[in-house]
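Residue-level structure breakdown
The residues making up each chain are set out below.
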Amino acid sequence: MTTATLSPREMRRRKRMGADYVAPSPYSVKAALTQGDVLTKLSAVVFGLGNLAHKQIVKGLLLLAGEIAFIAFMVTSGAGYLSKLPSLGTQKQGKVLVDGYWEYTAGDNSVIILLYGVCSIVAIIAFVYLWTLSLRCAYKAECLAKANDGKVPSLMDDIATLKDAKAHELLMFLPTLGILVFTVLPLIFMISMAFTNYDHSNVVLFDWVGLDTFKQVFSGGAGATVNAQLFVQVLIWTLVWAFFATFLNFFFGMFFAMIINRKTTRFKGFWRAVFSMSIAVPQFVSLLVMRTMLRQQGIINRMLESAGLIDAPLPFLTDATWARVTVIVINLWIGIPYTIMQITGILQNIPADLYEAARIDGANWWQIFVKITMPYIFFVLTPYLITTFTGNVNNFNVIYLLTAGDPVPVGASAGKTDLLITWLYKLTVDKGDYNLGAVIGIMTFIVLAVVSLITYRSSGSYKNEEGFR
């Protein structure tokens, strides 16, 4: 598109964007359908036809294979499951007595219908993208053939382009595909489950119920499995736990790292090795050992009683306040070594001339820490802190292996130390209320997404990616 053919609005936009403006690709679907030849337009029906006609055999066959695979999937199973998706199945398993034996006839399974229905919808979206890709590739091949006397890039040319100009697309293809298949697709399936009545009483066949499950979570009565009061209690404790588990680990880890990193500290390697011992031992083992030691008749209470320091066992895991403090303290023992390793590397990479200039200007140790060390550490570690906060919200191991959510009030589905993730586990695995668990999972995702995005976008790591300030 030349400058003469641009609309006044487009010209103003290009002038405003300046050098950062990237013109849209000329090989668009609209251009292919309006300006392409017959073979290009037929590529909307037979994928890869335009590429095959211009001797791009491998690219054309790949596009055609994608179309055939989609049609085969929809004919064999996709269309059938997609037709049942609105009802999630109605046919129950039947049985007939034949010669004294029961013969069973298979019925519908709503879980399978929902899963394959979601897969079919995702396959349709992928097919639409493949359709646009077929048209754009065919039109590009046509344009290049006209511009180069019938010559188009060969397979080796495309491979060379992928290894050079489009190397980022090649390297990101498999990770992106993995995220779509193993993260996005299960997430869509879980979100869909929240709008059904899939629970312990509706295991094989269940129906769509709209927002009824959300209403149950946020407006259920005191006797309900999940209600608004219980959800708010678990949410508050989850955020409190994540805050203390993240920032106590960070500040204590930073303190120990700076002590070890001092020039006057001897045996630096030994101290780092001591703090790293908890990393070497699997959490599954160490947490279960700690749980045994902290019981009413565990070794810690016995030692304190033998020393005459207490008259009765301390309720480390049986009292709500004690249990919450206990899991936070034990998480310090687990998390501080990781922080020490992170901050040690950062401290050794802070430019020495910054410290030298500060000392020449007469700054004391506290001013140097506040003005140089702390800002530098925060600048580098903000993404790590956000990741750690997210991990602590979903820290299943520490809570479940230490307390299993206990203490649990009578009749409640969540204990005083349960996080949203452990509560979700209990609702699904222990109680079979998969729809309620899906709602809790959605709310966990929303909380984490909001907190992470706001925190990261407010940090210097996001606002000033080019350097330290």
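Residues numbered from 1 in each chain as written. Predicted model: local features only at pLDDT ≥ 70, side-chain atom pairs only at ≥ 80, totals over all residues. Heavy atoms only, no water.

1. Points about the UniProt feature "transmembrane region" (unreviewed entry) in the protein chain
Under the UniProt annotation, "transmembrane region" (unreviewed entry) lies at residues 61-82, 111-131, 170-195, 234-258, 270-294, 322-347, 368-386 and 434-456. Here residues 234-258 is 100% helix and 0% strand, with 36 Å between the C-alpha atoms at its ends. Here residues 434-456 is 100% helix and 0% strand, with 32 Å between the C-alpha atoms at its ends. (UniProt positions renumbered as here; feature names shortened; annotations may be inferred. Helix = DSSP H or I, 4+ residues; strand = E, 2+ residues; numbered from the N terminus.)

2. Section: the packing of helix α10 (residues 228-261) against helix α17 (residues 365-393)
At a minimum axis separation of 10 Å, α10 and α17 run at an interaxial angle of 140°. On the basis of their axis angle, the class for α10 and α17 is oblique. Note on packing geometry: the crossing formed by α10 with α17 is right-handed. Counting all contacts with α10, which are made through Thr238, Leu239, Trp241, Ala242, Phe243, Ala245, Thr246, Phe247, Phe250, Phe251, Met254 and Met258, the residues of α17 involved are Phe369, Thr373, Met374, Ile377, Phe378, Leu381, Leu385, Thr388, Phe389, Asn392 and Val393. (Axes fitted to C-alpha atoms, helices over the stretch in contact; angles between N-to-C directions. Parallel < 35°, antiparallel > 145°, perpendicular 65-115°, else oblique. Left-handed = near helix turned anticlockwise from the far one by under 90°. Contact = heavy atoms within 4.5 Å.)

3. Describing unusual backbone geometry
Asp406 connects to Pro407 through a cis peptide bond whose omega is -5°. Tracing the sequence through the fold places Pro407 in the loop between α18 (396-402) and α19 (420-430). At Lys55, a position not held by glycine, the phi torsion is positive, near 65°. With respect to the helices, strands and loops of the structure, Lys55 is situated in the loop between α4 (49-53) and α5 (57-84). A relative accessible area of 72% places Lys55 in the exposed class. A positive phi angle is found at Ala404, which is not glycine, with a value near 55°. Relative to the helices and strands, Ala404 resides in the loop between α18 and α19. (Buried < 20%, exposed > 50% of the residue type's maximum accessible area, 1.4 Å probe, protein only.)

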